[in-house]
Protein chains: 2
Amino acid sequence: MKTYTIRQMSRQTGLSVHTLRYYENIGLIHAVGRDASGYRAYSEADVGWLQFLLRLRATGMPVSEMKRFAEWRSLGEATAPDRLDMLEAHRLRVEEKIRTLEGHLERIREKIGHYRELVRGSDPAPPD
Amino acid sequence: MKTYTIRQMSRQTGLSVHTLRYYENIGLIHAVGRDASGYRAYSEADVGWLQFLLRLRATGMPVSEMKRFAEWRSLGEATAPDRLDMLEAHRLRVEEKIRTLEGHLERIREKIGHYRELVRGSDPAPPD
DNA sequence: GCTTGCGTTCGAGCGCGCTCTAACGTGTAG
DNA sequence: CTACACGTTAGAGCGCGCTCGAACGCAAGC
């Protein structure tokens with residue numbers, strides 16, 4: 001069974017080694033294996049889990065909530081409904097966030113339109 | 001010419017009065033008028049500007065960048081091209097961000113699908 | 001066997017964007 | 001004239017999510 005050092009893990013996930021240890025400390029990553037000399041030995045499953053965590057982070061889930069999720073996960077399948085609820089709530093928030101961003105984006109485009117006119121209008125010596 | 005107290009402004013924008021003063025301190029809002037007793041008297045233009053600032057914030061522009069924009073704005077029309085450039089760069093970032101979020105969202109939906117199966121499968125006594 | 005490099009823990013520090021406190025001035029109602 | 005709400009400033013403090021430093025251990029090459 002292939003394992004990864006913390007450095008390899010850092011490269012795989014883009015997280016710093018500091019952050020990897022931090023995530024473990026605060027309970028986001030549970031029970032990372034150790035090799036003979038006490039070094040962390042991450043499994044493939046850990047890679048997948050971290051990538052999932054990063055997805056949650058990237059979509060704006062607060063670390064505190066990710067912690068709850070991680071806790072439930074470590075408690076086994078009985079908590080699957082709770083995790084499902086959390087994910088669905090999160091999905092709604094992300095969908096809402098995208099809609100909001102799209103609204104803002106449209107207004108920013110309008111603003112850019114105004115600026116384009118302004119800049120074009122005040123250009124010294126327009127071509128033709 | 002209608003003006004607003006800081007409290008009215010707070011209600012209009014959703015920013016706290018603390019934050020309104022903070023924004024002024026750090027240079028995001030320039031030259032707010034004062035009434036006879038030294039109280040801030042925000043103009044309609046200030047409202048519009050703040051709403052624009054909030055749009056930039058909500059789309060993830062860092063305050064430091066907003067400061068540069070505000071500075072340029074206070075320097076007059078000559079800086080319009082700079083502001084246009086900044087807005088276009090920002091627009092690209094927002095568009096990219098939305099795409100990224102949509103990608104993550106899709107994977108989260110898949111995860112939810114897996115959880116639904118898991119939860120459904122382990123349900124005690126499913127109906128029919 | 002010593003250097004070099006990667007690993008360990010624990011705890012302090014930091015950057016961002018606010019948020020709040022203290023001490024004090026203003027203005028209207030009773 | 002007093003109460004009380006609302007305003008002012010300068011500056012300290014905070015919550016989040018890392019990020020880094022100090023002091024130390026293990027291991028592979030010269």
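Note: the structure precedes this text.
Throughout this document, residue positions are counted from 1 along each chain, in the order its sequence is written. Think of it this way: whatever chain is written first is A, whatever ligand is written first is 1, and the rest follow in order. Two thresholds apply to this predicted model, a pLDDT of at least 70 for residue-level local features and 80 or more for giving and counting side-chain atom pairs, whereas whole-chain, interface and lining totals are computed over all residues. Think of the side-chain values as coming from all heavy atoms in the structure, minus any hydrogens and water.

Looking at the largest pocket, its volume works out to about 240 Å³. Put plainly, a pocket is an open set of points on a 1 Å grid over the protein atoms alone with protein on both sides within 12 Å along at least five of seven lines, a cavity is a set where a 1.4 Å probe fits but cannot get out, and a lining residue has an atom within 4 Å of a point. Along the walls of the largest pocket sit 13 residues, with Gly48, Phe52 and Arg55 of chain A together with Arg107 and Lys111 of chain B positioned nearest its centre. In DSSP terms, a helix is any run of H or I states spanning at least four residues, a strand is any run of E spanning at least two, and both are numbered starting from the N terminus. At the level of secondary structure, the elements contributing two or more residues to the lining of the largest pocket comprise helix 3 (44-58) and helix 4 (63-74) of chain A together with helix 5 (80-122) of chain B. The biggest single contributor to the lining of the largest pocket is helix 5 of chain B, with six residues. Tallied by class, the residues present in the lining of the largest pocket amount to five nonpolar, three polar and five charged. Of the volumes computed, that of the second largest pocket is approximately 160 Å³. Lining the second largest pocket are Arg107, Ile108, Glu110, Lys111 and His114 of chain A together with Gly48, Gln51, Phe52 and Arg55 of chain B. Only helix 5 (80-122) of chain A together with helix 3 (44-58) of chain B provide two or more residues apiece to the lining of the second largest pocket. Grid points are joined across faces, edges and corners, and a volume is the space filled by probe spheres set on the points. Gly falls in the polar group here, along with every residue not listed as nonpolar (Ala, Val, Leu, Ile, Met, Phe, Trp, Tyr, Cys, Pro) or charged (Asp, Glu, Lys, Arg).

Right, let's get into the protein's contact with DNA strand D. In the vicinity of DNA strand D there are 17 residues, among which Tyr23 and Tyr39 of chain A together with Arg7, Arg21 and Arg40 of chain B approach most closely. In this text, near means that some heavy atom of the residue lies within 4 Å of the molecule or strand in question. Counting only the atoms of DNA strand D within 4 Å of the protein, the fraction contributed by sugar and phosphate is 73%. Polar contacts here mean pairs of N or O atoms no more than 3.5 Å apart (in protein, one a potential hydrogen donor and the other a potential acceptor; neighbouring residues in sequence count only if both atoms are side-chain atoms). At 3.1 Å from a phosphate oxygen of DNA strand D is found a side-chain nitrogen or oxygen belonging to Arg57 of chain A. One of the backbone nitrogen or oxygen atoms of Arg40 of chain B is found 2.7 Å away from a phosphate oxygen of DNA strand D. Secondary-structure elements contributing two or more residues to the surface near DNA strand D are helix 2 (17-25) of chain A together with helix 1 (6-13) of chain B. Looking at the surface near DNA strand D, the element that brings in the most residues is helix 2 of chain A, giving four residues. For the surface near DNA strand D, the per-class residue count stands at seven nonpolar, five polar and five charged.

Let us now look at the interface of chain A and chain B. Facing the 31 residues of chain A at the interface are 31 residues of chain B. Computed with a 1.4 Å rolling probe, the buried area is the accessible surface lost when two parts are put together, summed over both parts. Taking both partners together, chain A and chain B bury about 3300 Å²; carbon and sulfur atoms supply 76% of that area. Of all residues in chain A, Arg55, Leu101 and Tyr115 of chain A bury the most surface against chain B, accounting for 19% of the area lost on that side. A side-chain nitrogen of Lys or Arg and a carboxyl oxygen of Asp or Glu constitute a salt bridge if their distance falls within 4 Å. For the pair chain A and chain B, the interface holds four salt bridges. Salt-bridge contacts for Glu95 of chain B lead to Arg109 of chain A; the nearest nitrogen and oxygen are separated by 2.9 Å. Counting every contact that joins chain A to chain B gives eight residue pairs in polar contact (both at pLDDT 80 or more). Mapped onto the side of chain A that touches chain B, the elements with two or more residues apiece are helix 3 and helix 5 of chain A. Element by element, the count of residues in the side of chain A that touches chain B is highest for helix 5 of chain A, at 25 residues. Class assignment of the residues belonging to the side of chain A that touches chain B gives a composition of 16 nonpolar, three polar and twelve charged. For this analysis, residues touch if any pair of their heavy atoms sits within 4.5 Å.

All names here are of chain B. Along strand 3 (residues 40-43), one buried face is formed by Arg40 and Tyr42 and the opposite face, lined by Ala41 and Ser43, is buried too. Pairing between two strands requires that DSSP report at least two bridges joining them. Bridge count for strand 2 (residues 33-34) against strand 3 is two bridges, and the pairing is antiparallel. When the bridges of strand 3 are listed, Gly33 appears paired with Ala41. What sits between the antiparallel neighbours strand 2 and strand 3 is a turn of five residues, in which Gly38 has the positive phi angle 85°. For every residue, the accessible area obtained with a 1.4 Å probe (protein chains only) is divided by the maximum for its type, and the residue is called buried under 20%, exposed over 50%, and partly exposed between those limits.

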